[in-house]
Each structure stands twice: as structure tokens, then as C-alpha cells.
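Residue-level structural notes
The primary structure of each chain is shown beneath.
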Amino acid sequence: MKVEIFKTSSEASKKALELFKLALSEGDKVFGLATGSTPEELYALMSESADIDFSEATSINLDEYYGLDQSHPQSYHAYMKHHLFNQKPFKASYLPDGSNEDAEAEVKRYDELLKENPIDLQLLGLGSNGHIGFNEPGSSFDSTTRLVALADSTIQANKRFFDSEEDVPKQAYSMGMQSIMAADKIILMAFGEGKAWAVNEMINGEISPDVPATILQNHDNVTILIDEAAASKLNN
Ligand code: GLP
């Protein structure tokens with residue numbers, strides 16, 4: 001793991017932008033994308049950057065809330081359009097379909113898409129409980145796409161985006177741990193003190209499904225971009 005600590009999230013996001021530009025210049029074509037507040041600044045930088053062009057690239061997102069239609073303002077479809085796709089369209093963009101109630105069919109469709117589009121560069125955020133995508137604590141390292149129950153701490157963390165806690169979906173479709181680990185390169189960003197525990201576990205903790213992000217210790221091309229607050233509990 002390569003760990004880079006920046007004074008601010010803005011500096012870390014600038015570094016992530018540079019790494020995306022480098023990947024594009026080296027011919028990477030499939031980008032795994034994340035949602036949440038963490039990549040918002042990176043997406044804003046990409047949106048403004050004249051030398052970023054995704055029109056020949058494919059994006060494939062980590063997850064989507066179950067039960068939310070694409071047009072729902074808190075769906076990850078809507079998030080991606082707002083923060084990136086409207087400004088920087090990809091040749092093709094895929095997300096799980098949260099409105100598909102047939103979980104078996106949806107999971108199969110997404111795993112086939114992942115097979116057809118092996119990810120060159122995967123962007124990740126980090127849950128304060130150590131989740132990646134919506135792979136909550138306890139997720140098997142062998143997991144592929146599936147319908148998952150959100151941890152209570154995740155529902156609490158994400159309720160800020162909804163009118164009330166009752167409105168937060170309790171389930172989501174998520175790419176699995178195995179699919180994340182299959183990416184050629186991974187960039188994980190985490191900002192703020194709320195992530196400090198998970199950041200330290202991810203880097204220094206024992207590899208265990210109890211803290212899903214610890215699996216990244218086994219990947220040979222991971223760059224962790226964090227701010228000083230997220231680095232504040234690093235114990236070595
Ligand atoms: C969310 C998403 C993750 C994200 C994480 C952190 O619930 N499913 O993909 O990385 O939790 O979110 P945030 O960046 O808002 O802190």
C-alpha cells in the first residue's frame with residue numbers, strides 16, 4: 001500500500017485527479033467509480049479539467065440503493081449525473097439498477113458487465129466502519145455483486161442526505177469484495193477524523209472481514225490518499 005497524507009482534502013483530490021489523468025494517458029479504459037461525499041471534490045476537478053476526456057472510456061459504479069429509481073435525487077445514478085456524467089460523459093456508464101426488484105437477475109446482469117469490462121482503475125471511499133462499496137463488516141472476501149443489508153452505522157451516516165432516517169434505504173446492490181480486488185489499480189480516498197479509526201485498521205489492522213477494507217493490504221497496487229485528520233490515528 002502506498003499511503004499519501006495531505007494537509008487538506010483538496011490537495012488529496014488534486015493528487016487523485018493527476019492519477020486519473022496519468023491512467024487515461026496510459027490507455028486505461030475502464031474506471032470503477034464511487035459515490036459519497038469523499039469524491040465530490042475530485043469529480044468537480046474532473047468536470048472543470050479541459051484535459052480530461054472520458055468519451056472513449058467506460059465507467060462502472062460500486063453500488064446503488066435498493067428501491068430507489070434512477071430519477072430519485074438521492075440515487076447514485078442521480079449523484080453521478082450531477083457530479084460528473086453531465087459534464088464529462090463516458091462512452092458507457094453502468095450502475096446497479098436499484099429499481100430492479102429481481103435481485104437474482106440484477107446481480108447476474110452486473111457480474112456479467114464486470115466480466116465484460118475488467119476494471120483498470122477503481123476509485124474507493126471508506127465507510128467509518130471500514131466498508132468499501134456497500135460491503136459492510138462481515139462481508140466475505142469472496143463476495144461478488146449482491147443485495148446487502150446496510151449496517152445501522154451506515155444508515156446513520158447517510159441519513160444526512162435524506163429528509164429523515166425512515167427515508168434511507170435499508171438495502172443496496174453492491175459490487176463484491178472479489179470484484180473490487182480484481183481491479184488492476186485502486187485509489188482509496190478518506191477524509192476527516194470520522195474515518196481515522198477505519199484508516200488505521202485498513203493500513204495496520206489484521207486482515208479480517210470485520211473491517212472489509214483490510215483486504216486491500218493484499219492488493220499489489222493500492223494508493224491511499226488521506227488528509228491529516230483521517231491520518232490522525234495511524235499508529236506507526
Ligand atoms: C457510502 C458508499 C461508499 C462510500 C462510503 C463513504 O455509504 N456506499 O461507497 O465510500 O459510504 O461515504 P462518504 O464519502 O460520504 O463518507
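This text gives an overview of the structure that appears in the document. Predicted model only: the values in this text are computed from it and were never measured. (Residues numbered from 1 in each chain as written. Predicted model: local features only at pLDDT ≥ 70, side-chain atom pairs only at ≥ 80, totals over all residues. Heavy atoms only, no water.)

1. A few points about helix H4 (residues 103-116)
In this model, H4 (14 residues) spans 20 Å end to end at C-alpha, consistent with the 20 Å of a helix rising 1.5 Å per residue. Among the residues of H4, those classed as buried are Glu106, Val107, Tyr110, Leu113 and Leu114. The buried residues of H4 occupy an angular sector of 125° when the element is viewed end-on, so they sit on one face. Turned more than 90 degrees away from the buried face of H4 sit Glu104, Lys108, Lys115 and Glu116, all of them exposed. (Helix = DSSP H or I, 4+ residues; strand = E, 2+ residues; numbered from the N terminus. Expected span 1.5 Å × (residues − 1). Buried < 20%, exposed > 50% of the residue type's maximum accessible area, 1.4 Å probe, protein only. Arc of directions from axis to C-beta.)

2. Examining the pattern of salt bridges
Think of it this way: side chains of opposite charge can pair up when their charged atoms draw near. Applying the stated criterion across every chain yields a total of eight salt bridges. We note a salt bridge from Lys2 to Glu4, for which the minimum N-O separation is 3.7 Å. Lys2 sits in the partly exposed class, given a relative accessible area of 48%. When the shortest N-O distance is used, the salt bridge between Arg109 and Glu106 registers 2.8 Å. Separated by three residues within a single helix, Arg109 and Glu106 lie in helix H4, roughly one turn from each other. Salt bridges sharing common partners tie together Lys2, Glu4 and Lys15. (Salt bridge = Lys/Arg side-chain N within 4 Å of Asp/Glu carboxyl O.)

3. A word on the site of the ligand
Neighbouring the ligand are 13 residues, the closest being Ser37, Thr38, His131, Asn158 and Lys195. Gly133 is positioned with one of its backbone polar atoms (N or O) 3.3 Å from a nitrogen atom of the ligand. Residue Asn158 places a side-chain N or O atom 2.9 Å away from an oxygen atom belonging to the ligand. Across the complex, the protein chains shield 94% of the 390 Å² of accessible surface that the ligand would expose by itself. Its residues assigned to classes, the shell around the ligand shows three nonpolar, seven polar and three charged. (Near = heavy atom within 4 Å. Polar contact = N/O pair within 3.5 Å; in protein donor to acceptor, adjacent residues only side chain to side chain. Areas by Shrake-Rupley, 256 points an atom, 1.4 Å probe, with all protein chains shown as cover. Nonpolar A, V, L, I, M, F, W, Y, C, P; charged D, E, K, R; others polar.)

4. Observations regarding the sheet that holds strand S1 (residues 2-6)
Pairing is parallel in the open sheet, where seven strands are placed in the order S1-S10-S9-S6-S2-S3-S5. With partners counted over all chains shown, the strands left at the sheet margins are S1 and strand S5 (92-94), one partner each. For this sheet, the mean inter-axis angle between neighbouring strands, taken without regard to orientation, is 15°. Of the pairings in the sheet, the one linking strand S6 (residues 121-124) to strand S9 (residues 185-190) comprises four bridges and is parallel in character. From the neighbouring strand, Leu124 faces S9, where its bridge partner is Leu188. Here helix H1 (residues 9-25) sits on the sheet and contacts S1, strand S2 (30-33), S6, S9 and strand S10 (222-227); the angle it forms with S10, its principal contact strand, is near 155°. (Pairing = 2+ DSSP bridges. Axes fitted to C-alpha atoms, helices over the stretch in contact; angles between N-to-C directions. Contact = heavy atoms within 4.5 Å.)

5. Overview of the packing of aromatic side chains
Here the structure, examined in full by the defined rule, presents 11 aromatic pairs. Considering the side-chain rings of Tyr43 and Tyr79, the 6.3 Å spacing of their centres and the 75° angle between planes classify their relative orientation as edge-to-face. Of this pair, Tyr43 sits in helix H2 (residues 40-48) while Tyr79 sits in helix H3 (residues 76-85), and the two are 36 residues apart along the sequence. Seen in terms of ring centroids, Tyr76 and Phe134 are 6.1 Å apart; in terms of plane orientation they differ by 15°. Their pairing is stacked. Of this pair, Tyr76 sits in helix H3 while Phe134 sits in the loop between S6 and strand S7 (146-149), and the two are 58 residues apart along the sequence. Summarising the burial analysis for this pair, Tyr76 and Phe134 share the class buried. (Phe/Tyr/Trp six-rings, centres within 6.5 Å; stacked < 30°, edge-to-face > 60°.)

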